[in-house]
Structure formats: C-alpha cells, structure tokens
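Topology and contacts: notes
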Amino acid sequence: MKLPRRSLLMSALLAAPVLQAAAAAAEEAKEADFLFVQTAKGMTFDKASSTLTLVDVSSMTVMFADRPERVAGNMKTTRFVPFWSEGKDSFLKDPPNADISILEDGTMRQVVATLEKPELKDGNLSYTVKIIQGEMPESGADVSVFIDIIGMPLTPVSYAGVARRSFRRAVIY
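Attention here is on the structure that accompanies the text. (Residues numbered from 1 in each chain as written. Predicted model: local features only at pLDDT ≥ 70, side-chain atom pairs only at ≥ 80, totals over all residues. Heavy atoms only, no water.)

1. Describing the overall build of the protein
So the rule is basically this: Numbering of helices and strands runs from the N terminus, with a helix taken as a DSSP run of H or I at least four residues long and a strand as a DSSP run of E at least two residues long. Here the term buried applies to any residue with accessible area under 20% of the maximum for its type, exposed to any over 50%, and partly exposed to those in between, with areas from a 1.4 Å probe on protein chains only.
A tally of helices and strands in the protein yields four helices and nine strands. Among the 173 residues that make up the protein, the fraction classed as buried is 35%.

Now the structure itself:
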C-alpha cells in the first residue's frame, strides 16, 4: 500500500519533536558519581600479602548516585571488576577507598582501606588492600564493602537511555 504524500509529510512533522527530544537527550549526556556496595557472607584476610577475600560474595553489586541525579541500581559483580582496567578514569589509575564493615565474634568492626587488583574466582572476590584506618581481622562474617565514587555516564549503555529518567532504577547485566 502506497501512502499519500500528505500522510508522509504529516508523519515526518509528528516525528520531528520525538527526534529532537532524543537528540537533546544525547547532547546532555551527563556523568554522575556512583558509590558501590558489595556484600559477602564472610571474609578472610592474609596479612602477609595484604589480601582481603570476600567469601561467597553477592553476584550483584549495588550502585547509587547522590544528588542531583539520585539514581540507584545494580550490576553484576563480574561487570564491576573490570573498572580496574577499563576507561580513562579507571580504578587502576586511582584506586578507590572503601569502608569495610565486618561482623567479628558478634562485634561490628570497620576498616578503611584502598582496594586494588580485584580477582573474582569461584564465588569469592579478592582485593589487595592498603589499610588506611583500623585493623583488619583474620576472618569475619556478614561483610559489607562501601566503595568510593567513580564517574560514570548517564547514557543508554548503562541505563536504557531516556527511559532511565522516568524509572530512576537500573539493572546492568
């Protein structure tokens, strides 16, 4: 079926605002500073090698941005580990600080450390750490690691484009 010229012209005119909005959204691609949270059932620490191992780490890493974006979501932990090797502002060049909260013999312990060289293997995630404050126990349970910021774009690659603005939640696989 061939459409009359008038119908084609009307379709083009009606589509123009949608295309303009999409172009404007692409132009205003912003970055937000995201913080990350990883959880694990347990942890071990080898003082000689400064290796922290998160035992049975969650397969998902939670992420969120503060004002003005206020975006929250999660990504697979397997997608988080490459942050130490990819991009101009990677954690490899500027390792993040982290607050590591550990339940040790029924007592909450907090340690601030820099995280380097992540290695995910068999459900365990190991980091080489440089302790900034506190003392890391040899083992513990119910671990939460609150990881410092990294700038990430608010783009279709990570948040399904313009639709992200209406949902304000993200899942990255």
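2. Here we look at the pattern of salt bridges
To keep things clear, this is the line we draw: Between Lys or Arg on one side and Asp or Glu on the other, a salt bridge is scored when a side-chain nitrogen of the former is within 4 Å of a carboxyl oxygen of the latter.
Evaluation of the coordinates by the stated rule reveals three salt bridges. The shortest N-O distance in the salt bridge between Lys41 and Asp56 comes to 3.3 Å. Linking Lys41 in strand S1 (residues 31-46) with Asp56 in strand S2 (residues 51-57), this pair joins segments that are 15 residues apart in sequence. Between Lys130 and Glu116 there is a salt bridge, with its nearest N and O atoms 3.6 Å apart. Of the two residues, Lys130 is situated in strand S7 (residues 124-133) and Glu116 in strand S6 (residues 107-121); the sequence distance between them amounts to 14 residues.

3. Overview of the environment of Ser49
Mapped onto the fold, Ser49 is located in the loop between S1 and S2. In this structure the C-alpha to C-alpha distance between Ser49 and Val129, which are 80 residues apart in sequence, comes to 8.9 Å.

4. Regarding the pairing of S2
The test is simple: In short, DSSP must find at least two bridges between two strands for them to pair.
Relative to S2, S1 runs antiparallel, the two being bridged by six bridges. The residue of S2 that forms the bridge with Phe45 is Leu52. From the end of S1 to the start of S2, which pair antiparallel, there are four residues, and Ser50 there has a positive phi angle of about 55 degrees. Relative to S7, S2 runs antiparallel, the two being bridged by four bridges. Residue pairing in the sheet places Thr51 in a bridge with Thr128 of S7.

Purely geometric numbers; function is a separate question.
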